[in-house]
Amino acid sequence: MEVNSVLCPNSVSTSSILTRSLAPAPCPRSCLKCQAKLNFFGSTNCSKPNKGVKEAGFVVTLDNKSSILECPDRLFTGEELSGESYNHLIRDCCRVGNIDRAMALLAQLDAMGFHPSFISYACLIEALGSVGRTLEADCLFQEMTWCGFRPRIKLYNVLLRGFLKKGLLGEGIRVLRVMDQKGIQGNRETYEILLDYYVNAGRLEDTWSVIGEMRRKGLRLSSFVYGKVIGLYRDNGMWKKAIDIVEEIRETGMSLDRQIYNSVIDTFGKYGELGEALQVFEIMKQESVRPDITTWNSLILWHCKAGDISKALELFTEMQDQGLYPDPKIFITMISRLGEQGKWDVMKKMFETMDCRGYKKSGVIYAVLVDIYGQYGKFQDAEECISALKSEGLLTSPNIFCVLANAYAQQGLCNQTLKVLQLMEAEGIEPNVVMLNVLINAFGIAGRHLEALSIYQHIKEIGFSPDVVTYSTLMKAFIRAKKFDKVPEIFKEMESAGCTPDRKARQMFKVAMNVLEHSHVTV
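Looking at an unreviewed UniProt entry, one finds the protein named Tetratricopeptide-like helical domain containing protein and attributed to Trema orientale. As stated in UniProt under Sequence similarities (unreviewed entry), the record for the protein gives "Belongs to the PPR family. P subfamily."

Colleague: I would appreciate a short explanation of the pattern of salt bridges in the present structure.
Modeller: As a working rule, side chains carrying opposite charge can pair if their charged atoms are close by. All told, the structure shown has 18 salt bridges when counted by the stated rule. With a closest N to O distance of 2.8 Å, Glu493 and Lys460 form a salt bridge. Here Glu493, found in helix H24 (residues 487-496), pairs with Lys460, found in helix H22 (residues 449-461); they are 33 residues apart in sequence, far enough to count as distant. The class of Lys460 is partly exposed, set by a relative accessible area of 34%. Here the salt bridges share partners, and the residues they tie into one network are Asp100, Arg133 and Glu136.

Colleague: Quick question: what am I supposed to make of the packing of helix H15 (residues 328-340) against helix H19 (residues 398-410) here?
Modeller: Two quantities define a packed helix pair, namely the angle between the helix axes and the distance between the axes. It is at 10 Å that the axes of H15 and H19 come closest, and there the two elements cross at 15 degrees. On the basis of the axis angle, H15 is roughly parallel to H19. Here H15 and H19 pass one another in a crossing that is right-handed. Between H15 and H19, the residues in contact are Pro328, Lys329 and Ile332 and Asn399, Val403, Asn406 and Ala407, respectively. Looking at the contact of H15 with H19 residue by residue, the class counts come to four nonpolar, two polar and one charged.

Colleague: What's the story with the side chain of Thr190 in this structure? I'm lost.
Modeller: Along the polypeptide, Thr190 turns up in helix H7 (residues 188-201). Dropping the residues within four chain positions of it, Thr190 is found in contact with Ile153, Asn157, Leu160, Leu176 and Met179.

Colleague: Explanation requested: the packing of helix H12 (residues 274-286) against helix H13 (residues 293-305) in the structure shown.
Modeller: Axis separation between H12 and H13 bottoms out at 11 Å; the angle between their running directions is 160 degrees. Considering the angle they form, H12 stands roughly antiparallel to H13. Regarding H12 and H13, the two cross each other, and that crossing is left-handed. Here Leu274, Ala277, Leu278, Phe281 and Met284 of H12 lie close against H13, whose contacting residues are Thr295, Trp296, Leu299, Trp302 and His303. Along the lines of polarity and charge, the residues of the contact of H12 with H13 split into eight nonpolar, two polar and no charged.

Reading guide: rules and limits
- Residues numbered from 1 in each chain as written.
- Predicted model: local features only at pLDDT ≥ 70, side-chain atom pairs only at ≥ 80, totals over all residues.
- Heavy atoms only, no water.
- UniProt positions renumbered as here; feature names shortened; annotations may be inferred.
- Salt bridge = Lys/Arg side-chain N within 4 Å of Asp/Glu carboxyl O.
- Helix = DSSP H or I, 4+ residues; strand = E, 2+ residues; numbered from the N terminus.
- Buried < 20%, exposed > 50% of the residue type's maximum accessible area, 1.4 Å probe, protein only.
- Axes fitted to C-alpha atoms, helices over the stretch in contact; angles between N-to-C directions.
- Parallel < 35°, antiparallel > 145°, perpendicular 65-115°, else oblique.
- Left-handed = near helix turned anticlockwise from the far one by under 90°.
- Contact = heavy atoms within 4.5 Å.
- Nonpolar A, V, L, I, M, F, W, Y, C, P; charged D, E, K, R; others polar.

What follows is the structure, encoded as structure tokens:
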């Protein structure tokens, strides 16, 4: 039976373009059908029957309790475990976030020649997709189909979100094609996943196309969609139009929720209208809409960018008073500004305050970041950084790796940025376009524009779709290297790829063209 698979590209080491020290991770499943991950939408050669698969009705005896750690207390030494119990345990492990243990249970089940239930497959795919392990999620999706199960729209959305989050636009489109072939209609979530990606990638035409299709299908635009439209106008320099959207929302009778308020605040902040941003913030609170971490991040970020570190610190303190914990990305911005001004005593006071609030253990990542930026360079080695985090009991995640990589990148420590990516891959976490953009930035800051270009080429070779940040970061790298003649080429390539240049990209293009005109270089 030919399987319409939804496959990632081959498991290629992100850093292999510069170093071959890491081999691709082995397939999580040993069956021949899972080897299909080596092809795009290929068929499998597994000869096992593909219909009528039933849940296992067998029993096994566990030698020790440690084989299923950190799951709900269902097992004791020597207890006989049925197929139904296996399925319950797999689902419980997924529910509590212990995905590795769930996969280990799946391997035991598979070794006996049995398959999990439909619900267990769904739980595994959702759990893997939520942490970016799309290769494994896709393998299970194929296996589920091969077993005769019919995945529902929710699982297609999981794969679509996973692929697009990593920048694999081509694979996301293939998911949509498979859905179309099987007669599965996309729902509101499907369209919102696409919108989220297209707006963040700067793909203006694709965004309007999705919104148009939603309207044709009679899907009422939600606050999420309106928030994305506001962001789209904001990023393309049309901030007044972005604010006009608020009136359109009011005319529809829709109340302004947190999503809309956050988009408006961010729009004002980006264009330096900080007074208006704070005014909207006050209205938001008066309307009993509670600010979330995104609201505070936006206000703190734009005050830092504007050089008003005092107000940023005031907002930072107020945010903690509301019981919200600082975002590492915003923390990087703050300590960067404090470091530039040599205010190490203020940093120390920030940590003392966080300790008093009971954030001591989880605050270790902030301590590491300050050390990275600090005068003494205590954690100039990425491996030492990760070891310090683990020794404090902090679980590594894609977000933490990205934050650390960005911290090194901002200093131009490209070798350490690369090492963070290597360590991430060693942990079994798949790279995405965001991490590769960080690496391009690191090489750009270090003045190594050719390596930055090689990462860009690598992004395309492994099937990722460069976004507006990729192109802007690459343009910045060439401007730093004074290779202004290459900037128009990158700009044209961005437009031909369907990415609409944002304000930052257009400014860099203008700078490069001005330099070229003065030097009489023909583009």
